[in-house]
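Structure at a glance
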Amino acid sequence: MSQLVVENVTVAIGQESILKNIHFTVETGQLIALIGHNGAGKSTLMKTIMGWQEKQEGNISVQGIDQDQEFLHYKRQIAYIPEEPFLLSELTAMQHFQLYGKSYQLSEEKLNQKVEELTNLFEIKDKLNVYPESLSKGMRQKVQTICALLPEVDLLLIDEPFMGLDIHAAAALQQLLLEKTQGGTSILLTSHQLDRINQVADKYILLDKGEIREYDEMANFDTITRRTSQ
Amino acid sequence: MSQAWSVFLFLRKNRIKKKQKLYNLALGVAFDWTISIYVGFYIVVLMAMVYDAVSQFENWFYSIEQLADQWIPLMVVALMVRTIILSFHSPGISFSSADWKAATLPILRQYVWLFTYFEAILKTVIWSFGLFLLAFILTPLSTGFLLKCLMILILTNCLLLLPQWYLYQIEGKKKVIIFLLVTVMLAIIRFVYLFVLPFEGFLYSLLAIIFSFNLVIWNKRLEKINWQSVIEVVDTKIWSMFFIQKMSKTETKPVQKPILPALFRSAKEKLPFPYHHETMIYRKLWKINFRQEKAYFVQTLGVSIICLVLLSFRGDLVQGVSVAIAIFLFNKMSTSYFQAGFKDRLLHAIPWDMKAIKKAYLQRMTVFMGLIMVVLATLLVITEHLSIWVFLQLLLYGTSLYVLLELKLHITVKKMNDKWYTPTILEQLISPIIYILLISSFAYNLVSIFVIILLLYFFLPKKAI
C-alpha cells in the first residue's frame, strides 16, 4: 500500500483554479521534493493534504485512511513543518513540545527522551522554559521543527525545511530527514534550495500553474525554466 | 528635506485616493440617490431635534460655563491620564509602513517622522474645530467659552502627542510604574493648588509640565523605537475603516498586545504541564482562545440573559419560550465557537484528541452555564416562588443546557471527522423534544419530570472517535 495517495485533486478559490487534477503517490520511506515557480501551487497542495484547504474534487489518503471519511485518524499519520513558525505566544517551548506529544499520544518517557535528543542537536536546550517572543526567528523555527519531529508518523510535510536555520541546524535536519525515511516515514517537502534537495530527495514533482508537469527520479532533474519564458 | 516632503505628499495623496475609492465602492453598495436624500434629510431633522432638546437645558449649560474655570484644568488632567493609557496601545503619531519604506529611500527618516508629527497636529486641530463647530451649532454655550475650551483642547492634545509616542516605546513594568507615578504627581499638584496655592495657577502648571516634558524628550524622539510594533499598530488603524468593513463583511483585527498578562506572567506559568493530566493543556488553549474572542462571547451571553430577563414577566408560555431561546442562542454560540477554535493554525496542524479537547471545552463553559443558571434560578424564584417544581424545573434547564451542548459538540465532532456524516434519528429528535419540554415546562410543571429521561440519555455511553 502506498503511504500517500493523491487522486485527481482539484482546488479552486472562487473562479480561479489553483490545482488541477493532481494525481500522484508517495511510497513508504520516499522523500519527494515539490518544486515549482512562485505561485505554482506547492503550498496549496501542502495545505490540501493537511486538510486546511478545501478541495473541489478528488481523494487523499495516507496508509489507506481517507481524509474525508476519517479525518481525525488521518491527522495522526501526518506531521507538518511550516515555512513560518506559528507558535503560541502563551506557551513556552517545552509546553509546545508537550502539546505535540499529547496530541500524537507519545508517552511521557518517550517525549522527554526525544526532547532531550532534539534540543541538544539543535542547541536550544537552555530555551525550554522561554516564550516564543523572547526567541530569535531562527530559534522559533527550530522549536517548530522539533515539534514536528517528535512523533513517528507515516508522512512528514515540510514547507521550506532549511529556511531560517543556521548551517549546523540545517545539516542536522538534513541528516534527521534521511534517518526518518530509513525508519519508514515518507516526506514531501517544498524548497527553492535545489542543491540541498538534490542531496536528499529520491524523486521530484514539478508543479506548474497548478498542474504536475513532471514526476521523476531526482537524478533526472535538470532545472526549472523561467516562468515568463513559457 | 524638500524631497522628503514630496515623497510624503505623494504617499498621503495616494492613500486618500485609495480610501476614497473604497468608500465610493462601499457607498455604492449601501446607498442609492433616493436613500442618500432621505438620509441627508433625516440628519438635518435629527440635528434640529437635538438643538431643540439641548436648548431646554440652557440654564444647565449656563451653570457649566460659570464653573468652567474649575473643571477645565481637570479636563487637562483627564487628557494626560488618557495619553498614558493610550500609550499602552497606540503610538499616537501615524508612522505607517509606507512611511517606513519611504525612509529607506535616500531620505532621512527624521524628516518623514517630522511630517507625520505635523500631520498628527493638523488632525488634532481639525477634529477639535469640528467639535467646536458642533458645540457652537447645537448648544447654547457662549462663543467665548467655546473658544477658550478649543484653545486649551488643541494646545493640550498637541503637546501630548510626543509624550504618547515616547511612552509607547517603553515596554513592560516600567510603563505601569510611570503611570502610577504620574497619577500620584497629578494628585499632589491638585492638592497643592486646592489648599495651598491659588487655584488659577493649576492649569498653567499642568501645561508647563507637559511643555517641559516635550522639551526633554524632543531629542530622544527617534531613539530606541520599536518600529515594527509602531508600523503594525498604525497600519491596522489606518486601514480599519468601519463602514468598509461592514459593507464588505471583512475585518482588520487590531494587533493584540496582551500587556498586563505578559507583565505579570508568573514563573509557575512557564513550568511544563503535568503531562499525565488529561485536559490541562487543552484547557489552557481554550483559555487563550476565550481571551481573544471575549467580546463576541460577552455579546452573545449578554443577549441570552437579556432575552431571559425581558420575557420572564409576560406569562408562562412566553417565559418558557424565553428559556428555550436563551438556551438555543447559548448552544449555537458555543458550538460555532468550538468549531472556530480549530481554525488556529497551530491547533489545526496537530492531531485532535477530541475526547480531551471536548472535555476541556465543557469544563471551561461550565462558568458560563453557571451564570445562565443563576439568572434562571433568580427569575424562577421571583416568578414562581420556591417549590419542589421549581427545583425540578431548574434541574431540567441545567440538564438540558448541558445535554444540548454536549449533543451539538458530539455531532460537530462527527462531522469534522466524516465530511458526509448525517446525524442519527435519535440525535435529530433529541433537540426539538428538549425545546418543547422547555417551552411547556412553565405552563405544565409535570413536564419537568422528563428530566429523568434526559439524565438517562446523558449517561448513555457514546462511542468516542
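Residues numbered from 1 in each chain as written. Chains lettered and ligands numbered in written order. Predicted model: local features only at pLDDT ≥ 70, side-chain atom pairs only at ≥ 80, totals over all residues. Heavy atoms only, no water.

1. What about the overall build of chain B?
Within chain B one finds 21 helices and zero strands. Element-wise, carbon and sulfur atoms account for 70% of the exposed surface of chain B, whose accessible area totals about 26,500 Å². (Helix = DSSP H or I, 4+ residues; strand = E, 2+ residues; numbered from the N terminus. Areas by Shrake-Rupley, 256 points an atom, 1.4 Å probe, with all protein chains shown as cover.)

2. Some details on the pattern of salt bridges
Under the definition given, this model contains 15 salt bridges over all chains. The closest approach of N and O atoms between Lys 20 of chain A and Glu 211 of chain A, which form a salt bridge, is 3.8 Å. Remark: Glu 211 of chain A occurs in strand β10 (residues 211–217) and Lys 20 of chain A occurs in strand β2 (residues 16–26); sequence separation between them is 191 residues. Among the charged side chains, a network of salt bridges with common partners joins Glu 54, Lys 55 and Asp 68 of chain A together with Lys 419 of chain B. (Salt bridge = Lys/Arg side-chain N within 4 Å of Asp/Glu carboxyl O.)

3. With respect to the sheet that holds strand β8 (residues 186–190) of chain A
Residue and element names in this part refer to chain A. What the six strands build is an open sheet, ordered β6-β7-β8-β3-β9-β10; its pairing is mixed. At either margin of the open sheet sits one strand with a lone partner, and together these are β6 (78–81) and β10. The mean inter-strand angle of the sheet, taken between neighbouring strand axes irrespective of direction, is 15°. Relative to β6, helix α5 (residues 137–149) is tilted by about 170°, and along the sheet it contacts β6 and β7 (155–159). (Pairing = 2+ DSSP bridges. Axes fitted to C-alpha atoms, helices over the stretch in contact; angles between N-to-C directions. Contact = heavy atoms within 4.5 Å.)

4. Things to note about a negative patch on the surface
Residues Asp 202, Glu 214, Asp 216, Glu 217 and Asp 222 of chain A make up a contiguous surface patch of negative charge. With respect to the helices and strands, the residue Asp 222 of chain A is situated in the segment after β10. (Patch = residues over 30% accessible without salt bridge, like charges linked within 9 Å, V, L, I, M, F, W, Y side chains within 5 Å. Lys, Arg positive; Asp, Glu negative; His and termini not counted. Charge placed at Lys NZ, Arg CZ, Asp CG, Glu CD.)

5. Some words on the sheet that holds strand β1 (residues 4–13) of chain A
Residue and element names in this part refer to chain A. Strands sit in the order β2-β1-β4-β5 across an open sheet of four strands; the sheet is antiparallel. Here the strands that pair on one side only, and so sit at the sheet edges, are β2 and β5 (65–66). Two strands pair when backbone bridges link them, and strand β4 (residues 57–62) and β5 are joined in this way by two bridges, in the antiparallel orientation. In the strand pairing of β5, Ser 61 is matched with Asp 66.

6. Quick look at the pairing of β8 of chain A
All names here are of chain A. With five of five residues buried, β8 is to be regarded as a mostly interior element. Of the two faces of β8, both are covered, the one formed by Ser 186, Leu 188 and Thr 190 as well as the one formed by Ile 187 and Leu 189. Here four bridges tie strand β3 (residues 31–36) to β8, and the two strands are oriented parallel to one another. Bridge pairing links Ala 33 to Leu 189 in β8. Inspection of the sheet shows β7 paired to β8 by five bridges, in the parallel sense. Across the sheet, Leu 156 pairs through a bridge with Ile 187, a residue of β8. Handedness of the β-α-β unit built from β7, helix α6 (residues 167–182) and β8 comes out right-handed. (Buried < 20%, exposed > 50% of the residue type's maximum accessible area, 1.4 Å probe, protein only. Right-handed = clockwise from strand over helix to strand, strands pointing away.)

7. Some remarks on the interface of chain B and chain A
Counting from both sides, the interface comprises 32 residues of chain B and, opposite them, 37 residues of chain A. The contact between chain B and chain A buries some 3,500 Å² in all, and 60% of this surface belongs to carbon and sulfur atoms. Inspection of the region where chain B meets chain A yields two salt bridges. Of the charged contacts in the structure, one is a salt bridge between Lys 419 of chain B and Glu 54 of chain A, with a shortest N-O distance of 3.5 Å. At the boundary of chain B and chain A, one finds 13 residue pairs in polar contact (both at pLDDT 80 or more). Counting residues per element, the side of chain B that touches chain A draws most heavily on helix α14 (residues 280–292) of chain B, which supplies six residues. When its residues are assigned to classes, the side of chain B that touches chain A shows 18 nonpolar, four polar and ten charged. (Buried area = accessible area lost by both parts, 1.4 Å probe. Polar contact = N/O pair within 3.5 Å; in protein donor to acceptor, adjacent residues only side chain to side chain. Nonpolar A, V, L, I, M, F, W, Y, C, P; charged D, E, K, R; others polar.)

8. As for the nonpolar core
Leu 4, Phe 24, Ile 49 and Phe 97 of chain A are the most contacted members of the largest nonpolar core, which totals 139 residues. In this view, Phe 24 of chain A contacts Leu 4, Val 5, Val 6, Leu 45, Ile 49, Leu 188, Ile 205, Ile 212 and Tyr 215 of chain A; residues no more than four positions away in its chain are not counted. The next biggest cluster of nonpolar side chains, apart from the first, holds 36 residues, and it includes Ala 68, Val 76, Leu 79 and Val 176 of chain B. (Core = buried A, V, L, I, M, F, W, Y, C linked by side-chain atoms within 4.5 Å.)

9. Points about the packing of aromatic side chains
Per the counting criterion, the structure on display carries 33 aromatic pairs over all chains. Centre to centre, the rings of Phe 338 of chain B and Phe 342 of chain B are 5.1 Å apart; their planes meet at 75°, and the pair counts as edge-to-face. For the pair shown, Phe 338 of chain B and Phe 342 of chain B are each scored as buried. A connected cluster of aromatic rings, assembled from ring pairs, spans Phe 71 and Tyr 74 of chain A together with Trp 286, Phe 290, Tyr 337, Phe 338, Phe 342, Trp 352, Tyr 361 and Phe 368 of chain B. We note Lys 19 of chain B situated over the ring of Trp 239 of chain B; from NZ or CZ to the ring centre the distance is 5.7 Å. (Phe/Tyr/Trp six-rings, centres within 6.5 Å; stacked < 30°, edge-to-face > 60°. Lys NZ or Arg CZ within 6 Å of the ring centre and 35° of its normal.)

10. Some remarks on unusual backbone geometry
For Gln 63 of chain A, which is not a glycine, the phi torsion comes out positive at approximately 55°. Within the secondary structure layout, Gln 63 of chain A lies in the loop between β4 and β5. Its identity is not glycine, yet Lys 224 of chain B carries a phi of approximately 50°, on the positive side. On the secondary structure map, Lys 224 of chain B appears in the loop between α9 (201–218) and α10 (227–239).

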